[in-house]
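Residues per chain, in single letters:
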Amino acid sequence: MKLIMEQWQDEYYKEYGTKYSNHVNKFMNYLKKINKLDTPRDINLDDIDKCIGWYAELGKINYRASMESHLESVKSFYDYLNETGKTKDIFNSMNMSYEKYKGILLEYTC
(Lines give C-alpha, C1' and ligand atoms only; values in the text may rest on other atoms or scores of the structure.)
Protein backbone atom coordinates (compact mmCIF):
# COMPACT_ATOMS: atom_id res chain seq x y z
CA MET A 1 0.00 0.00 0.00
CA LYS A 2 1.29 3.43 -0.93
CA LEU A 3 1.87 6.06 1.71
CA ILE A 4 0.09 9.41 1.47
CA MET A 5 2.91 11.33 -0.25
CA GLU A 6 3.27 8.53 -2.82
CA GLN A 7 -0.46 8.69 -3.53
CA TRP A 8 -0.25 12.45 -3.99
CA GLN A 9 2.79 12.03 -6.23
CA ASP A 10 0.77 9.69 -8.49
CA GLU A 11 -2.09 12.20 -8.59
CA TYR A 12 0.36 15.01 -9.42
CA TYR A 13 1.80 13.02 -12.34
CA LYS A 14 -1.70 12.24 -13.65
CA GLU A 15 -2.63 15.92 -13.50
CA TYR A 16 0.60 17.53 -14.72
CA GLY A 17 2.56 14.76 -16.41
CA THR A 18 6.04 13.59 -15.56
CA LYS A 19 8.07 16.63 -16.62
CA TYR A 20 9.46 16.99 -13.10
CA SER A 21 9.51 13.30 -12.22
CA ASN A 22 13.30 12.93 -11.97
CA HIS A 23 13.64 15.44 -9.17
CA VAL A 24 10.28 14.77 -7.54
CA ASN A 25 11.29 11.10 -7.37
CA LYS A 26 14.58 12.10 -5.74
CA PHE A 27 12.70 14.17 -3.20
CA MET A 28 10.33 11.29 -2.49
CA ASN A 29 13.28 8.92 -2.04
CA TYR A 30 14.74 11.34 0.48
CA LEU A 31 11.41 11.53 2.33
CA LYS A 32 11.38 7.75 2.44
CA LYS A 33 14.90 7.78 3.88
CA ILE A 34 13.81 10.13 6.70
CA ASN A 35 10.47 8.37 7.25
CA LYS A 36 8.23 11.28 6.28
CA LEU A 37 6.25 9.79 3.39
CA ASP A 38 3.24 9.41 5.64
CA THR A 39 3.57 12.67 7.57
CA PRO A 40 3.24 15.45 4.95
CA ARG A 41 2.45 18.16 7.49
CA ASP A 42 5.79 17.50 9.19
CA ILE A 43 7.82 18.21 6.02
CA ASN A 44 9.46 21.63 6.08
CA LEU A 45 12.12 23.75 4.37
CA ASP A 46 14.83 22.15 6.46
CA ASP A 47 13.95 18.85 4.80
CA ILE A 48 14.33 20.49 1.37
CA ASP A 49 17.74 21.88 2.39
CA LYS A 50 18.90 18.53 3.70
CA CYS A 51 17.58 16.70 0.64
CA ILE A 52 19.57 18.93 -1.70
CA GLY A 53 22.63 18.63 0.54
CA TRP A 54 22.31 14.84 0.64
CA TYR A 55 22.10 14.57 -3.15
CA ALA A 56 25.00 17.00 -3.51
CA GLU A 57 27.09 14.77 -1.21
CA LEU A 58 26.13 11.75 -3.33
CA GLY A 59 27.32 13.63 -6.41
CA LYS A 60 23.85 13.70 -7.98
CA ILE A 61 23.39 17.47 -7.69
CA ASN A 62 26.67 19.11 -8.64
CA TYR A 63 25.77 22.15 -10.66
CA ARG A 64 23.66 25.24 -10.28
CA ALA A 65 21.31 24.10 -13.04
CA SER A 66 20.65 20.71 -11.44
CA MET A 67 20.06 22.28 -8.01
CA GLU A 68 17.66 24.80 -9.54
CA SER A 69 15.86 22.02 -11.44
CA HIS A 70 15.51 20.05 -8.24
CA LEU A 71 14.16 23.01 -6.33
CA GLU A 72 11.77 24.06 -9.10
CA SER A 73 10.46 20.50 -9.37
CA VAL A 74 9.77 20.24 -5.65
CA LYS A 75 8.20 23.71 -5.69
CA SER A 76 5.91 22.68 -8.56
CA PHE A 77 4.86 19.58 -6.60
CA TYR A 78 4.12 21.72 -3.54
CA ASP A 79 2.19 24.22 -5.64
CA TYR A 80 -0.04 21.32 -6.69
CA LEU A 81 -0.41 20.06 -3.11
CA ASN A 82 -1.35 23.53 -1.92
CA GLU A 83 -3.78 24.22 -4.81
CA THR A 84 -5.60 20.94 -4.17
CA GLY A 85 -5.77 21.56 -0.41
CA LYS A 86 -3.68 18.53 0.46
CA THR A 87 -1.07 20.36 2.53
CA LYS A 88 0.42 23.80 3.00
CA ASP A 89 2.97 25.21 0.59
CA ILE A 90 6.17 25.03 2.61
CA PHE A 91 7.75 27.64 0.35
CA ASN A 92 5.23 30.20 1.61
CA SER A 93 6.67 29.85 5.11
CA MET A 94 9.99 31.43 4.12
CA ASN A 95 10.95 34.70 5.74
CA MET A 96 12.89 35.67 2.60
CA SER A 97 12.30 35.78 -1.13
CA TYR A 98 12.41 32.57 -3.13
CA GLU A 99 15.37 33.92 -5.12
CA LYS A 100 17.33 34.66 -1.95
CA TYR A 101 16.55 31.16 -0.68
CA LYS A 102 17.89 29.66 -3.92
CA GLY A 103 21.03 31.76 -3.59
CA ILE A 104 21.66 30.49 -0.07
CA LEU A 105 21.22 26.88 -1.19
CA LEU A 106 23.64 27.45 -4.06
CA GLU A 107 26.30 28.69 -1.67
CA TYR A 108 26.54 25.44 0.21
CA THR A 109 25.68 22.89 -2.46
CA CYS A 110 27.29 23.93 -5.72
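Before any of the text, the structure's been laid out above.
On a predicted model such as this, the values are computed, not experimentally measured, just so you know. (Residues numbered from 1 in each chain as written. Predicted model: local features only at pLDDT ≥ 70, side-chain atom pairs only at ≥ 80, totals over all residues. Heavy atoms only, no water.)

Q: Quick one: what's the story with the overall build of the chain, residue by residue and with numbers?
A: Regarding its fold elements, the chain presents five helices and zero strands. Beginning at the N terminus, the succession of helices and strands in the chain can be written as α-α-α-α-α. The C-alpha atoms of the chain give 13 Å as radius of gyration, which agrees with the globular expectation for 110 residues (13 Å, within 12%). Across its three principal axes, the chain shows a C-alpha extent of roughly 35 × 30 × 25 Å. Evaluated residue by residue, the chain yields a buried proportion of 46% over its 110 residues. Total accessible area on the chain is roughly 6200 Å²; 47% of this is exposed by carbon and sulfur atoms. (Helix = DSSP H or I, 4+ residues; strand = E, 2+ residues; numbered from the N terminus. Rg over C-alpha atoms; globule rule 2.2 N^0.38 Å. Buried < 20%, exposed > 50% of the residue type's maximum accessible area, 1.4 Å probe, protein only. Areas by Shrake-Rupley, 256 points an atom, 1.4 Å probe, with all protein chains shown as cover.)

Q: Before we move on, can you summarise the pattern of salt bridges with the specific residues and values?
A: According to the stated counting rule, one finds nine salt bridges in the structure shown. Across the pair Glu72 and Lys102 runs a salt bridge, and its minimum N-O distance is 3.8 Å. Separated by 30 residues along the polypeptide, Glu72 in helix 4 (residues 64-83) and Lys102 in helix 5 (residues 98-109) bring together distant segments of the chain. When the shortest N-O distance is used, the salt bridge between Lys75 and Asp79 registers 3.5 Å. Of the two residues, Lys75 and Asp79 both sit in helix 4, four residues apart, roughly one turn of that helix. When salt bridges with common partners are traced through the structure, they connect Arg64, Glu68, Glu72, Glu99 and Lys102 into a single cluster. (Salt bridge = Lys/Arg side-chain N within 4 Å of Asp/Glu carboxyl O.)

Q: Please set out the environment of His23 residue by residue, giving values where relevant.
A: Position of His23 among the secondary structure elements: in helix 2 (residues 21-33). In sequence terms His23 and Val74 are 51 residues apart; their C-alpha atoms lie 7.1 Å from each other.

Q: I'd like to hear about the packing of aromatic side chains, residue by residue, with values.
A: This model, assessed by the stated rule, comprises 12 aromatic pairs. Note on Tyr12 and Tyr16: the rings are 5.7 Å apart at their centroids and 40 degrees apart in plane angle, and the pair reads as tilted. Residue Tyr12 and its partner Tyr16 are located together in helix 1 (residues 4-16), separated by four residues, close to a single helical turn. Here Tyr12 falls in the buried class, since its relative accessible area comes to 1%. Relative accessible area serves as the criterion here: at 44%, Tyr16 is assigned to the partly exposed category. Taking the centre distance of 4.8 Å and the plane angle of 65 degrees together, the rings of Trp54 and Tyr55 count as edge-to-face. (Phe/Tyr/Trp six-rings, centres within 6.5 Å; stacked < 30°, edge-to-face > 60°.)

Q: Explain the packing of helix 2 against helix 4 to me, and be specific about the residues and the numbers.
A: Between helix 2 and helix 4, whose axes approach to 8 Å, the crossing angle comes to 80 degrees. One way to sum up the angle between helix 2 and helix 4 is to call them roughly perpendicular. Residues His23, Val24, Lys26, Phe27 and Met28 of helix 2 form the contact with helix 4, whose own contacting residues are Ser66, Ser69, His70, Ser73, Val74, Phe77 and Tyr78. Of the residues that constitute the contact of helix 2 with helix 4, the class distribution is six nonpolar, five polar and one charged. (Axes fitted to C-alpha atoms, helices over the stretch in contact; angles between N-to-C directions. Parallel < 35°, antiparallel > 145°, perpendicular 65-115°, else oblique. Contact = heavy atoms within 4.5 Å. Nonpolar A, V, L, I, M, F, W, Y, C, P; charged D, E, K, R; others polar.)

Q: How would you sum up the nonpolar core? Please name residues and give values.
A: If you look at the biggest cluster of nonpolar residues, it comprises 31 residues, and the most contacted ones within it are Met5, Phe27, Ile48, Leu71, Tyr78, Phe91 and Tyr101. Here the element with the most residues in this core is helix 4; it accounts for seven residues. If we skip the residues at most four places from it in the chain, Tyr78 touches Met5, Phe27, Pro40, Ile43, Thr87, Lys88, Asp89, Ile90 and Phe91. (Core = buried A, V, L, I, M, F, W, Y, C linked by side-chain atoms within 4.5 Å.)

Limitation: the analysis is restricted to geometry and does not speak to function.
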